[in-house]
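Chain residues, written in single-letter form:
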Amino acid sequence: MKRSSIYTALCLGFLVSSFGWTPAQLRLEWVPTYGDAELVLGAVYGWGGTDSVEITQLRMYVTQVEGWNNGKQVWKEENSYHLLDWGAGKTGFEVEGEQGKWNELRFSIGVDSLTNVSGAFGGDLDPTSGMYWTWQSGYINFKLEGRATHCPGRKQRFQYHLGGYAAPNATLQRVQVPVQNTDRIQLELAVDAFLKAMDPAELYEIMAPGSNAQMAAALFPDLIQLRP
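Residues numbered from 1 in each chain as written. Predicted model: local features only at pLDDT ≥ 70, side-chain atom pairs only at ≥ 80, totals over all residues. Heavy atoms only, no water.

Draft legend 1. Representation of the overall build of the protein chain in the model. Of regular secondary structure, the protein chain possesses five helices and 14 strands. Partitioning the intrachain contacts of the protein chain with sequence separation of at least 6 by distance along the chain shows that 71% fall at a separation of at least 24. When the accessible surface of the protein chain is split by element, carbon and sulfur atoms take 50% of a total near 11,800 Å². (Helix = DSSP H or I, 4+ residues; strand = E, 2+ residues; numbered from the N terminus. Contact = heavy atoms within 4.5 Å. Areas by Shrake-Rupley, 256 points an atom, 1.4 Å probe, with all protein chains shown as cover.)

This is the structure:
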C-alpha cells in the first residue's frame, strides 16, 4: 500500500473512532433510455414504421471517476473500476468524497491500457466476468446485444462488443458531465441513439478491436448526460 493511502486510512480511522464521523456517500447511477423512457431489457420497442428492436444484454465498464470544480480536480476515486450490468441489476455504485465541492463529474468508459497489460485482476476486473477477450485484445469496455427485425444477422441478432486498448485501436472514452450538489447523481445513456448511429441493418456485429469499435466508442461522450 502506498504511504499516502496508509496515511489517509489512519486519518479516517481516527475520525471514525474519535468523533463518530463517516465519509459522505454519493450514489452514482447510469440509466439506459430508449426514447423518452427507461430501457427495460427484453422489452420490444418500435423501429421505424413496421420494424422492432429488443435489447437482451447491456454491460459497461465505468472507471477513473473524478470530481471537478471550476476546471480543477478536487477528488479522485482510488482503484476506480466498476462493471455495470443491467441484467444483474448492477446499475451504479457508491463513492466517498467531498461531493459538496463538485460541479462536474468526469469518468471513463472502458479500462485503461496500463491495467489491460498489468495482468489478471479480481473483483469487477476478474477475467471470468465475461468482459475479457485475451491478453492480446484485453477487456471489453462495452457490450450491447439484442435482436432487430430488420437485422440481416443470424436469428436477427446484433452484437456490439467494444474494446481495444492499443494504438491505433484504443477505445477508452473520457466523459465530462456537469452535476449538482446532491447525494445521488443519475446519468442517462441513450441506447436508442447508439443503435440509430450503428443501424443493425448495416453493421450488426463488432466482436474485436478495430476501426468499427473505435467509431462506435467515440459516440459515448454525446450519449451520456445528467438525468433531469
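Draft legend 2. Local environment of the side chain of Thr63. Examined against the element boundaries, Thr63 turns out to sit in strand β4 (residues 51-69). Thr63 gets classed as buried once you look at its relative accessible area, which sits at 0%. Apart from residues lying up to four places away in sequence, Thr63 is in contact with Ser80, Tyr81, His82, Phe107, Ser108, Gly110, Leu172 and Arg174. (Buried < 20%, exposed > 50% of the residue type's maximum accessible area, 1.4 Å probe, protein only.)

Draft legend 3. Inspection of the pattern of salt bridges at higher detail. Counted under the stated rule, the structure contains 10 salt bridges. For Arg27, the salt bridge goes to Glu94, with nearest N and O atoms at 2.7 Å. One end of the pair, Arg27, is in strand β1 (residues 25-34); the other, Glu94, is in strand β7 (residues 92-96), with 67 residues separating them in the sequence. Residue Arg27 is classed as partly exposed on the basis of its relative accessible area of 21%. Among the residues examined, Glu94 registers a relative accessible area of 44% and is labelled partly exposed. The shortest N-O distance in the salt bridge between Arg227 and Glu188 comes to 2.9 Å. Remark: Glu188 occurs in strand β12 (residues 184-190) and Arg227 occurs in the segment after β14 (224-226); sequence separation between them is 39 residues. Linked by salt bridges that have partners in common, Arg27, Glu29, Glu94 and Arg184 make up one network. (Salt bridge = Lys/Arg side-chain N within 4 Å of Asp/Glu carboxyl O.)

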